[in-house]
Amino acid sequence: MTVVSRLQTQSPNALLIISGDFNHVSLSSSLSTFKQYVTCATRDNNILDLFYANTKEAYKPLSLPPLGRADHNLVFLEPVYKPLVHRQPTVTRMVKKWSSEAEDALRDCFVTTRWELFSEVHGEDIDALTDTITDYINFCEENTVPTRTLRCFSNNKPWINPDIKTLLKEKRAFRSRNREELKAVQIRLRRKIREGKKLYRMKLEDQLQASNVPGVWRGLKTISGHDSPKTVVEKDKDWADGLNHFFNRFDQSSVPSPNHKLQPLSLRTSSPPPPLSTSSHQPSMSPGSCLSVTTEQHIFNLSLKLGRAPQLWKTSCLVPVPKTPHPKELNSYRPVALTSHLMKTLERLILAHLRPLVSPSLDPLQFAYQPGIGVEDAIIYLLHSVLSHLEKAGSTVRIMFFDFSSALYTIQPNLLGGKLQNAGVDHHLTAWIIDYLTNRPQYVRLQSCESDRLLCSTGAPQGTVLAPFLFILYTSDFRHDTPNCHLQKFSDDSAIVGLITEGDDREYRGLTKDFVDWCQQNLLQINPRKTKELVVDFCRKKSSPAPMNIQGMDIERVTFYKYLGVLLNDKLDWSTNTDTLIRKGQSRLFLLRKLRSFGVQGSLLKTFYNLVVASAIYYAIVCWSGSISARDRKRLERLVRKASSVLGCSLDTLEEVGNRRMLTKLKAMMASPSHPLQPTLTALGSSFSQRLLHPRCKKERYRRSFLPTAVRLMNKK
């Protein structure tokens, strides 16, 4: 053990391996940071030959016959990691070669088409009409837009061109011992790579000047290696079918459909669907009236009139995205739905009409999908309630953070329909939303295969436009807000905050029980294993209240919890959150250095810093800027100075950024009549001037929070 400790001290990042015949001796307690990989018998039925390494999940053991007359079996340790070229072989695909000439030809094809013929043939059969028009548009696209064949290599960068590939082949095929010739090939290769990178950088700069932000962002991520997409382990169709059934575990109806390919329009333009009617119907988008769209969008109008969404548009292709780096079970994948672009366009139109119509019925403490209100407002409201209550003697706070299992999939269309009618939504739109949530065909697509069956699900899958807003409508009828307890929500992230005095937590317990009962009545599934409770108690004689019990399980009490991306601990000192911000900022600062080494400078480098590095360091800064300790502030300032040296320009300090954003946030709160803190700000208004009175603060913890700090900064202006 002494030798191992010395090697770890000298080379902490080195790979250390300990192997041998241990004869019923285990070193797991002594080598706590090592992993033992041999799990198969090495002599008879005993595991005597062990293999320890200071890396996790690096090898997979395979048992082999003994060598010669040896009495010990051989163990083959196969590396778990496979190179990218082996995991993703060369792919040949056909791509559309879009150009201005191709777009003009396709547009001319649409202009000369008599679209009213489709409507005359199919009438109000919206499914047949949608299928026919989709097939026709795809046919026009195939005949007007040329295609070309590309061979995609998984390990090739986008700046690799045919000239570089030729030089790579020359270098690879070089077998002579002529060093001068090899050196000349290497010089030409390095020169060509520099030229390829320069051309790629110039392409990104041209896209930035043309305001093609998505193209610039994709290029920057490719260069820096930021947020590489996680891939799903290669599986067969049986595994895809099992995953599809798991995603559809709330609805078990299925229909065989061998031709279930999703056929979305692949048009690159964002123009509306072609006209199918020349009637004089005018659009109507005023709240309280029936929703309709322009005369050119006949399919949309027909869908709203019939109260039905086309089955083709509702079909979802589910792409499983791993939640963890090494998923081991079906629950480790998140289903992201890919639907038709036309369906998303119609959903946006309905959302724009539905939001002002139902806004009076929304929960005032629902912070999602509210104009001018977001994540920071939800955290500020929670902290303001907690810190202002802790000003009192003998006060404690208990916060219950609820977790739902597949919340969007558990929306019940019939229950939601009644809530929509109570909110004043007309019959046609209510019927359309119910049909939108019912009998949604879905299938799972992997890299190499797809599931064989369509499963009809209920609810709104993750990735659709309407799903989050429909969920906040679904949960808006349960609300609670009293001086001692309140329920606040951000979409499906719900938290009950109990402001307890002298240990009296009856209202907190009663509200928790009522909320759990309401969720059961509305078929929302609370996950008690992931539901956590955070207790904040600064009393000298700390009490130990009995744990809460939900669905027969005691809720775990934690010392910190990640709420809306911010880590809150039971001391409210932001130390845990600062550690996370620094780790995230340092990892992204590496990407910034990598971009600079690529030759990216100026506005492109500053754009990447603002979008990737600064967004991580300053996340929710208005909530913690005035409250973090001096030590944590220095650590963050040091990270900002490193970024400044990489950019080659001066950056605002942490205090300057925090003060500026706090003032902006306070002004936005004052201008928003629906903000939950509006009554508090109104009470702080001075009757003699436009200044705000400073809140009364007894303790330093509340004095340094958002509201007192922002008011003090505003009065200084």
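Not measured: the values here are computed from a predicted model.

Reading the values: rules and limits
- Residues numbered from 1 in each chain as written.
- Predicted model: local features only at pLDDT ≥ 70, side-chain atom pairs only at ≥ 80, totals over all residues.
- Heavy atoms only, no water.
- Helix = DSSP H or I, 4+ residues; strand = E, 2+ residues; numbered from the N terminus.
- Buried < 20%, exposed > 50% of the residue type's maximum accessible area, 1.4 Å probe, protein only.
- Contact = heavy atoms within 4.5 Å.
- Areas by Shrake-Rupley, 256 points an atom, 1.4 Å probe, with all protein chains shown as cover.
- Salt bridge = Lys/Arg side-chain N within 4 Å of Asp/Glu carboxyl O.
- Core = buried A, V, L, I, M, F, W, Y, C linked by side-chain atoms within 4.5 Å.
- Pairing = 2+ DSSP bridges.
- Phe/Tyr/Trp six-rings, centres within 6.5 Å; stacked < 30°, edge-to-face > 60°.
- Lys NZ or Arg CZ within 6 Å of the ring centre and 35° of its normal.
- Axes fitted to C-alpha atoms, helices over the stretch in contact; angles between N-to-C directions.
- Parallel < 35°, antiparallel > 145°, perpendicular 65-115°, else oblique.
- Nonpolar A, V, L, I, M, F, W, Y, C, P; charged D, E, K, R; others polar.
- Left-handed = near helix turned anticlockwise from the far one by under 90°.
- Patch = residues over 30% accessible without salt bridge, like charges linked within 9 Å, V, L, I, M, F, W, Y side chains within 5 Å.
- pLDDT = per-residue confidence, 0-100.
- Lys, Arg positive; Asp, Glu negative; His and termini not counted.
- Charge placed at Lys NZ, Arg CZ, Asp CG, Glu CD.

Here we come to the overall build of the protein. Summing up its helical and strand segments, the protein has 25 helices and 22 strands in all. When each of the 717 residues of the protein is scored for burial, the buried share is 44%. For the protein, long-range pairs separated by at least 24 residues make up 68% of all intrachain contacts whose partners lie at least 6 apart in sequence. When the accessible surface of the protein is summed, it comes to about 38400 Å², and 52% of that surface belongs to carbon and sulfur atoms.

Two side chains carrying opposite charge are able to pair once their charged atoms lie near each other. Under the counting rule described, the total for this entry stands at 26 salt bridges. Here Asp505 ties to Arg398 by a salt bridge, and the two come within 2.8 Å at their closest N and O atoms. In this pair, Asp505 sits in the loop between β16 (493-501) and α17 (506-521) while Arg398 sits in strand β11 (residues 395-402), placing the two residues 107 residues apart along the sequence. For the residue pair Asp505 and Arg398, the accessibility class agrees, reading buried in each case. Notably, a salt bridge pairs Asp579 with Arg635, separated by 3.0 Å at the nearest N-O pair. Taken as a pair, Asp579 in helix α18 (residues 575-598) and Arg635 in helix α21 (residues 630-647) lie far apart in primary sequence, 56 residues in all. Residue Asp579 is classed as partly exposed on the basis of its relative accessible area, which comes to 29%. Among the charged side chains, a network of salt bridges with common partners joins Arg398, Asp505, Arg509, Glu533 and Arg557.

One finds Tyr563 and Tyr609 to be the most contacted residues of the largest nonpolar core, which totals 84 residues. Other than its neighbours up to four places away in sequence, Tyr609 contacts Leu592, Ala614, Ser615, Tyr618, Val640, Ala643, Leu647 and Leu651. Grouped together as the second largest cluster of nonpolar side chains are 68 residues, Trp115, Ile299, Ala467 and Leu524 included.

With that out of the way, let us pick up the sheet that holds strand β1 (residues 17-21). Reading across from one edge, β1-β3-β2 is the order of the three strands in this open sheet, with antiparallel pairing throughout. Strands at the two margins of the open sheet, each flanked by one partner only, are β1 and β2 (35-36).

So, about the packing of aromatic side chains. Summed over the entire model, instances satisfying the criterion amount to 23 aromatic pairs. Ring plane angle 55° and centroid distance 5.8 Å describe the contact between Phe110 and Trp115, whose orientation is recorded as tilted. A relative accessible area of 16% means that Phe110 is categorised as buried. Residue classification places Trp115 among the buried residues on the basis of a relative accessible area of 3%. For the pair Tyr369 and Phe469, a centre-to-centre distance of 5.8 Å together with 65° between the ring planes defines the contact as edge-to-face. With a gap of 100 residues between them, Tyr369 in the loop between α12 (341-358) and α13 (375-389) and Phe469 in helix α16 (residues 467-474) connect regions that are remote in the sequence. By relative accessible area, Tyr369 is classed as partly exposed at 30%. Since its relative accessible area comes to 0%, Phe469 is described here as buried. Members of the aromatic cluster, joined through ring pairs, are Phe402, Phe404, Phe471, Phe478, Phe515 and Trp518. Its guanidinium or amino end placed over the ring of Tyr474, Lys419 lies 4.1 Å from that ring's centre, counting from NZ or CZ.

In the contact formed by helix α8 (residues 213-224) and α18, the axes pass within 9 Å of each other and the chain directions differ by 95°. Taken together, α8 and α18 sit at an angle that is classed as roughly perpendicular. Contacts between α8 and α18 involve Leu220, Ile223 and Ser224 from the former and Leu591, Lys594, Leu595 and Phe598 from the latter. For the contact of α8 with α18, the residue count by class is five nonpolar, one polar and one charged.

Now for the packing of α12 against helix α15 (residues 427-437). Packing of α12 against α15 brings their axes to within 13 Å, and their N-to-C directions diverge by 135°. Taken together, the axis directions place α12 and α15 in an arrangement best described as oblique. Classified by chirality, the crossing of α15 by α12 is left-handed. Contacts between α12 and α15 pair Met343, Leu346, Glu347, Ile350, His353 and Leu354 from the former with Leu429, Trp432, Ile433 and Tyr436 from the latter. Tallied by class, the residues present in the contact of α12 with α15 amount to eight nonpolar, one polar and one charged.

Let us look at the environment of Leu454. Looking at the secondary structure, you find Leu454 in strand β13 (residues 453-457). Separated by 137 residues in the primary sequence, Leu454 and Cys317 have C-alpha atoms spaced 9.9 Å apart.

Taking burial as the measure, the seven residues of strand β9 (residues 316-322) include five buried ones, the bulk of the element. Two strands pair when backbone bridges link them, and β9 and strand β12 (residues 440-444) are joined in this way by three bridges, in the parallel orientation. If you follow Ser316 over to β12, its bridge partner there is Gln442.

Okay, the sheet that holds strand β14 (residues 481-482) next. Read across the sheet, six strands follow the order β14-β15-β16-β11-β17-β20 without closing on themselves; strand pairing throughout is mixed. What marks the edges here is a single partner per strand, and that holds for β14 and β20 (556-558). Here two bridges tie β14 to strand β15 (residues 485-490), and the two strands are oriented antiparallel to one another. Residue Thr482 lies in a different strand from β15, and its bridge partner there is Cys485. Its contacts with the sheet put α17 on β11, β14, β15, β16 and β17 (532-537), and the angle it makes with β11 is roughly 10°.

Among the surface-exposed residues, Leu62, Leu64, Leu67, Leu74 and Phe76 lie close enough to one another that they form a single nonpolar patch of about 450 Å² accessible area. Those elements that place two or more of their residues in the nonpolar patch are β4 (59-64) and β5 (74-79). Tracing the backbone shows Leu62 in strand β4.

Moving on: the side chain of Gln207. Residue position: Gln207 is located in helix α7 (residues 179-209). A relative accessible area of 18% places Gln207 in the buried class. Dropping the residues within four chain positions of it, Gln207 is found in contact with Asn212, Gly215 and Val216.

Time to look at unusual backbone geometry. The backbone of Tyr369 sits at a positive phi, close to 60°, despite the residue not being glycine. A positive phi is found at Gln551, a non-glycine position, where the angle reads about 55°. As for its placement among the helices and strands, Gln551 is situated in the loop between β18 (549-550) and β19 (553-554).

Averaged over every residue, the pLDDT of the protein is 84; residues scoring 70 or more account for 90%. Note that pLDDT drops below 50 for residues 253-289; the model gives that stretch 94 contacts with residues more than four away or on any other chain.

With nine of its eleven residues buried, helix α25 (residues 706-716) lies for the most part within the structure. Of the surrounding elements, those touching the buried residues of α25 are α13, α20 (621-624), α22 (654-671), α23 (678-683) and α24 (700-703).

Let us now look at a positive patch on the surface. On the surface, Arg593, Arg596, Lys634, Arg638, Arg641 and Lys642 cluster together into a patch of positive charge. Contributing elements (two or more residues each) for the positive patch: α18 and α21. In terms of residue count, the dominant contributor to the positive patch is α21 (four residues). A residue is classified by how much of its surface remains accessible, and Lys634, at 56% relative accessible area, is exposed.

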